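Structure assessment
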Amino acid sequence: MIEHDTESLSETFWAVARRLRHLTKETLEPWEITPGQFRALGVLIRHDAIRLSALSEHLRIAPRSTTEVVDGLEERGLVERRADPSDRRATLVAVTDEGRSVGAAIMRARRTEGDKMFGALSAEDQAELARILGLLRP
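Residues numbered from 1 in each chain as written. Predicted model: local features only at pLDDT ≥ 70, side-chain atom pairs only at ≥ 80, totals over all residues. Heavy atoms only, no water.

The protein chain goes by MarR family winged helix-turn-helix transcriptional regulator in an unreviewed UniProt entry, where it is assigned to Cryptosporangium japonicum.

In structure tokens:
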């Protein structure tokens, strides 16, 4: 294992991850959305209308937690529940036009923050970091 001074590679990675989480929270503040709500919004934007159970699986959280996340997004008008046309007993969750708009605005803000953070790296270092992280990403 390679060590940089006295800090292990994993500790350096976690320090950067904490910094990114902090930046994410700051970026989301104007929209009053939690990181968990933003993740759910992203899944719904990518998958259109899906059942709560499917959203739970995508987020890897308990169904009860998913309900709380969706409730918060629904209160803000970012998602809506609707009947599943293939099974009237089931409910789908879908992103609203406002949800798409807010999701796009947040992505732009996150990209800007990420550009600031990673802007300290040369283009070559950014490409190498992207390559390495791609190898580690599940």
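Read on for the rest.
What about the environment of Gln126?
Locating Gln126 in the fold gives a position in helix α6 (residues 123-136). Taking relative accessible area as the criterion, Gln126 reaches 34% and is therefore assigned partly exposed. Note: C-alpha distance between Gln126 and Leu136 (10 residues apart in sequence) is 15 Å. In this view, Gln126 contacts Phe118, Gly119 and Leu121; residues no more than four positions away in its chain are not counted. (Helix = DSSP H or I, 4+ residues; strand = E, 2+ residues; numbered from the N terminus. Buried < 20%, exposed > 50% of the residue type's maximum accessible area, 1.4 Å probe, protein only. Contact = heavy atoms within 4.5 Å.)

Thoughts on the pattern of salt bridges
Scanning the model with the defined rule gives 10 salt bridges in all. Salt-bridge contacts for Asp84 lead to Arg51; the nearest nitrogen and oxygen are separated by 2.9 Å. With Asp84 in strand β4 (residues 79-84) and Arg51 in strand β3 (residues 50-51), this pair connects stretches of sequence that are 33 residues apart. A salt bridge links Lys116 to Glu113; its shortest N-O distance comes to 3.4 Å. Of this pair, Lys116 and Glu113 both sit in helix α5 (residues 97-118), 3 residues apart, which is roughly one turn of the helix. Its relative accessible area of 57% is what places Lys116 among the exposed residues. The class of Glu113 is partly exposed, set by a relative accessible area of 23%. Through salt bridges with shared partners, a single network forms among Arg51, Asp84, Asp87 and Arg89. (Salt bridge = Lys/Arg side-chain N within 4 Å of Asp/Glu carboxyl O.)

Thoughts on the pairing of β4
Two faces belong to every sheet, and in a regular strand the side chains alternate between them. In this sheet, strand β5 (residues 87-95) lies alongside β4 in antiparallel orientation, the contact comprising 6 bridges. The residue of β5 that forms the bridge with Ala83 is Thr91. Hairpin geometry of β4 and β5 is characterised by an intervening segment of 2 residues between the two adjacent antiparallel strands. (Pairing = 2+ DSSP bridges.)

Focus: the side chain of Asp84
Exposure remark for Asp84: the relative accessible area of 6% places this residue in the buried category. Engagement of the side chain of Asp84 in a polar contact is seen with the side chain of Ser86, the distance being 2.8 Å. Residues within four places of Asp84 in sequence aside, it is in contact with Arg51, Ala90, Thr91 and Leu92. (Polar contact = N/O pair within 3.5 Å; in protein donor to acceptor, adjacent residues only side chain to side chain.)

Details of the nonpolar core
Counting residues in each nonpolar core, the largest one holds 19 residues, and the members touching the most others are Leu44, Leu55 and Val79. Elements with a contribution of two residues or more to this core: α2 (35-47), α3 (52-59), α4 (63-75), β5 and α5. Per element, the largest residue contribution to this core is 5 residues, and it comes from α2. (Core = buried A, V, L, I, M, F, W, Y, C linked by side-chain atoms within 4.5 Å.)

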